[in-house]
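Here are the chains, one letter per residue:
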Amino acid sequence: QHPILFFVDDVQWADSASLELISSFVLDFDHLNEADGQETPQCLIVLGAYRSNEVHSDHMLNHYIESFQSSASARVTTFNLEGLTESHTIDLISDSLKLPIRWTRSLASTVHKKSLGNPFFVKM
């Protein structure tokens, strides 16, 4: 048995047709296993990443997430990734520049304030 991993990044920008395709994978996977004729069911893992600050209560993605959560055939686990702390930003910049923290603290503090701890903006 080999699991299938399906990763979709930036799901907040997916159109309704793409979300419907993902939904058919998630909600109809048991049916696909039966049609396959194999005795050992396959395992499907769908990993979707999205920016929660861009998904408001009326966003169509929420409808799909709710349908997955209420489905008997799907198990949904959600978790939030937080931004870097100022301390982590200082460590990252210090390590990246290969300089002592005392030399990078001011720069790193400014970078942290400007980036709000978003690791995509704290890059070298």
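Residues numbered from 1 in each chain as written. Predicted model: local features only at pLDDT ≥ 70, side-chain atom pairs only at ≥ 80, totals over all residues. Heavy atoms only, no water.

Colleague: So what's going on with helix 3 (residues 60-70)? Which residues, and what values?
Modeller: Those residues of helix 3 not exposed but buried are Leu61, Asn62, Tyr64, Ile65 and Phe68. Looking straight down helix 3, one finds its buried side chains confined to an arc of 160 degrees; they lie on one side. Seen from the open side of helix 3, the exposed residues pointing more than 90 degrees away from its buried face are His63, Glu66 and Ser70. The inward-facing, buried residues of helix 3 abut helix 1 (16-27). (Buried < 20%, exposed > 50% of the residue type's maximum accessible area, 1.4 Å probe, protein only. Helix = DSSP H or I, 4+ residues; strand = E, 2+ residues; numbered from the N terminus. Arc of directions from axis to C-beta. Contact = heavy atoms within 4.5 Å.)

Colleague: A description of the packing of aromatic side chains should follow, citing residues and the corresponding values.
Modeller: For the structure on display, the rule yields 1 aromatic pair. Look at Phe6 and Phe25: their rings are 5.1 Å apart centre to centre, the planes differ by 80 degrees, and that puts the pair in the edge-to-face class. Taken together, the residues span a long stretch of sequence, with Phe6 in strand 1 (residues 4-8) and Phe25 in helix 1 at a distance of 19 residues. (Phe/Tyr/Trp six-rings, centres within 6.5 Å; stacked < 30°, edge-to-face > 60°.)

Colleague: Explain helix 4 (residues 86-97) residue by residue, including any values.
Modeller: Between the first and last C-alpha of helix 4 there are 16 Å, a value that for 12 residues agrees with the 16 Å anticipated at 1.5 Å per step. Among the residues of helix 4, those classed as buried are Thr89, Ile90, Ile93 and Ser94. Down the axis of helix 4, the sector holding all buried residues measures 125 degrees, keeping them to one side. The inward-facing, buried residues of helix 4 abut helix 5 (101-115). Where helix 4 ends, the next residue or the one after it, Lys98, has phi of about 55 degrees, a positive value. (Expected span 1.5 Å × (residues − 1).)

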